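# Structural characterization, general
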Amino acid sequence: MVIFGLYVVAHAFLPLTLSHRHRLALSLWSSAIMLFLAVDNIIRIYALGYIEETGDRHAMALIVMNHFLLGVSSIYARTR
């Protein structure tokens, strides 16, 4: 996992040529990360509860931000 992370960073910041195999690997990696983040956001959203039940503005902002991140990751996963 760490080695593949270094592989991604190297391709992001160094002027390396991208073959079809490299593009496929990087695309699969980014899709897997976004899927992981989507599942993590779903778990957090269900753990926080409903926005109507909380009276704390900080908790409301946290719930809204988690819903936003879930929407962004689901749109990204849908387009990939």
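The rules we used
- Residues numbered from 1 in each chain as written.
- Predicted model: local features only at pLDDT ≥ 70, side-chain atom pairs only at ≥ 80, totals over all residues.
- Heavy atoms only, no water.
- Helix = DSSP H or I, 4+ residues; strand = E, 2+ residues; numbered from the N terminus.
- Rg over C-alpha atoms; globule rule 2.2 N^0.38 Å.
- Axes fitted to C-alpha atoms, helices over the stretch in contact; angles between N-to-C directions.
- Left-handed = near helix turned anticlockwise from the far one by under 90°.
- Contact = heavy atoms within 4.5 Å.
- Nonpolar A, V, L, I, M, F, W, Y, C, P; charged D, E, K, R; others polar.
- Expected span 1.5 Å × (residues − 1).
- pLDDT = per-residue confidence, 0-100.

Broken down by element type, the chain carries 3 helices and 0 strands. Written out in order from the N terminus, the α and β elements of the chain read α-α-α. For 80 residues, the compact-globule estimate of 2.2 N^0.38 gives 12 Å, and the C-alpha radius of gyration of the chain, at 17 Å, exceeds that figure by more than 25%. Projected onto the principal axes, the alpha-carbon positions of the chain cover approximately 55 × 20 × 20 Å.

Below, the discussion takes up the packing of helix 1 (residues 2-13) against helix 2 (residues 20-48). Remark: helix 1 packs on helix 2, axes separated minimally by 11 Å, with the N-to-C direction vectors making an angle of 115°. Note that helix 1 runs across helix 2; the crossing there is left-handed. Here F4, Y7, V8 and H11 of helix 1 lie close against helix 2, whose contacting residues are H22, A25, L26 and W29. Across the contact of helix 1 with helix 2, the residue classes tally to 6 nonpolar, 2 polar and no charged.

When the terminal C-alpha atoms of helix 2 are compared, their 42 Å separation across 29 residues agrees well with the 42 Å that a helix rising 1.5 Å per residue should span. One or two positions beyond helix 2, positive phi appears at G49, with a value near 95°.

The next point concerns the environment of A47. Positionally, A47 belongs in helix 2. With 16 residues separating them in the primary sequence, A47 and I63 have C-alpha atoms 9.9 Å apart.

What follows concerns the confidence of the model for the chain. When the pLDDT values of the chain are averaged, the result is 81; 95% of them are 70 or greater. Of all the helices and strands in the chain, helix 3 (residues 57-79) carries the lowest mean pLDDT, 79, while helix 1 carries the highest, 84.

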